[in-house]
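Structural overview
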Amino acid sequence: MQGRLSVWLVKYGIIHRSLGFDYQGIETLQIKPEDWHSIAVILYVYGYNYLRSQCAYDVAPGGLLASVYHLTRIEYGVDQPEEVCIKVFASRRNPKIPSVFWVWKSVDFQERESYDMLGISYHNHPRLKRILMPESWIGWPLRKDYIAPNFYEIQDAH
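Residues numbered from 1 in each chain as written. Predicted model: local features only at pLDDT ≥ 70, side-chain atom pairs only at ≥ 80, totals over all residues. Heavy atoms only, no water.

On to helix α1 (residues 4-11), then. Residues Leu5, Ser6 and Leu9 constitute the buried set of α1. On an axial view of α1, the arc spanned by its buried residues comes to 100°, and they lie on one face. Exposed side chains of α1 directed beyond 90 degrees from the buried face belong to Arg4 and Lys11. Residues of α1 that are buried in the fold lie against β1 (17-21), β2 (27-31), α2 (33-46) and β5 (82-90). In the segment just after α1, Gly13 is the residue with positive phi, at about 70°. (Buried < 20%, exposed > 50% of the residue type's maximum accessible area, 1.4 Å probe, protein only. Helix = DSSP H or I, 4+ residues; strand = E, 2+ residues; numbered from the N terminus. Arc of directions from axis to C-beta. Contact = heavy atoms within 4.5 Å.)

Let's shift gears to the environment of Leu64. Tracing the backbone through its elements, the reader meets Leu64 in the loop between β3 (50-58) and β4 (65-73). C-alpha separation for the pair Leu64 and Trp36, spaced 28 residues apart in sequence, amounts to 16 Å.

With respect to the element layout, Glu82 can be found in strand β5. Among the polar contacts made by the side chain of Glu82, one reaches the side chain of Arg4 at a distance of 3.4 Å. Once residues lying within four places of it in the same chain are set aside, the contact partners of Glu82 are Arg4, Tyr46, Tyr48, Leu71, Thr72 and Arg73. (Polar contact = N/O pair within 3.5 Å; in protein donor to acceptor, adjacent residues only side chain to side chain.)

We now examine the UniProt feature "domain: NADH:ubiquinone oxidoreductase 30kDa subunit" (unreviewed entry) in the protein. UniProt marks residues 30-148 with the feature "domain: NADH:ubiquinone oxidoreductase 30kDa subunit" (unreviewed entry), using the numbering shown here. Structurally, residues 30-148 comprises 21% helix and 29% strand, and the distance from its first C-alpha atom to its last is 31 Å. (UniProt positions renumbered as here; feature names shortened; annotations may be inferred.)

The next thing to look at is the nonpolar core. If you look at the biggest cluster of nonpolar residues, it comprises 29 residues, and the most contacted ones within it are Trp36, Tyr69 and Ile86. Among the secondary structure elements, those contributing two or more residues to this core are α1, β2, α2, β3, β4 and β5. Apart from the residues lying within four places of it in its own chain, the contact partners of Ile86 are Leu29, Ile31, Trp36, Leu43, Ser67, Val68, Tyr69 and Leu71. (Core = buried A, V, L, I, M, F, W, Y, C linked by side-chain atoms within 4.5 Å.)

This paragraph deals with the packing of aromatic side chains. All chains considered together, the criterion is met by eight aromatic pairs. Taking the centre distance of 5.0 Å and the plane angle of 55° together, the rings of Trp8 and Tyr12 count as tilted. Residue Trp8 is classed as partly exposed on the basis of its relative accessible area, which comes to 22%. Measuring from ring centre to ring centre gives 6.5 Å for Trp36 and Trp104, while their planes differ by 25°; the resulting arrangement is stacked. Linking Trp36 in helix α2 with Trp104 in the loop between β6 (96-98) and α3 (108-118), this pair joins segments that are 68 residues apart in sequence. Through a chain of ring-to-ring contacts, the aromatic side chains of Trp8, Tyr12, Tyr46 and Tyr48 assemble into a single cluster. (Phe/Tyr/Trp six-rings, centres within 6.5 Å; stacked < 30°, edge-to-face > 60°.)

Attention now moves to the sheet that holds β2. The strand order across the open sheet formed by five strands is β1-β2-β5-β4-β3, and the pairing between neighbours is mixed. Strand pairing shows two members of the sheet lacking a second neighbour, β1 and β3, which therefore form its edges. Direction aside, neighbouring strands of the sheet carry axes that sit 20° apart on average. Pairing analysis gives nine bridges linking β4 to β5, with the strands arranged antiparallel. Across the sheet, Val68 pairs through a bridge with Lys87, a residue of β5. Here α2 sits on the sheet and contacts β2, β4 and β5; the angle it forms with β5, its principal contact strand, is near 170°. Against the sheet, α3 engages β3 and β4, with an angle of about 5° to β3. (Pairing = 2+ DSSP bridges. Axes fitted to C-alpha atoms, helices over the stretch in contact; angles between N-to-C directions.)

This is the structure:
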């Protein structure tokens, strides 16, 4: 079953895959990484002017990594804003997804956290570096195949 946005995207020949609706009735779409930036610009122009959140997760050990964007279409005088969830999957070996920082500035720290915890590289992000873990940290702690070190060195402890 396709939602309103999916029907509109099909009408204009924009490639995507409908994943149905979540438990709140919010339409979920899958976009290929190579198409994500241009579709993000289209969605912004279409009216999705607010990026509510961005997160990422490891789909399965040895499997794909997913970057998830929750977008809202905020309009004056509308009580129930239209929402959509976009999922962009990337390969585990070389997880690269275009950054949408230049479309929605609010994604800055969220993409940095996804990079820090899962190792997803957001192409064209202006400050992509670790935000929670030390720069010297090896590995990506939220990946399902991550092996935690046997000890943690506490620096500058008193």
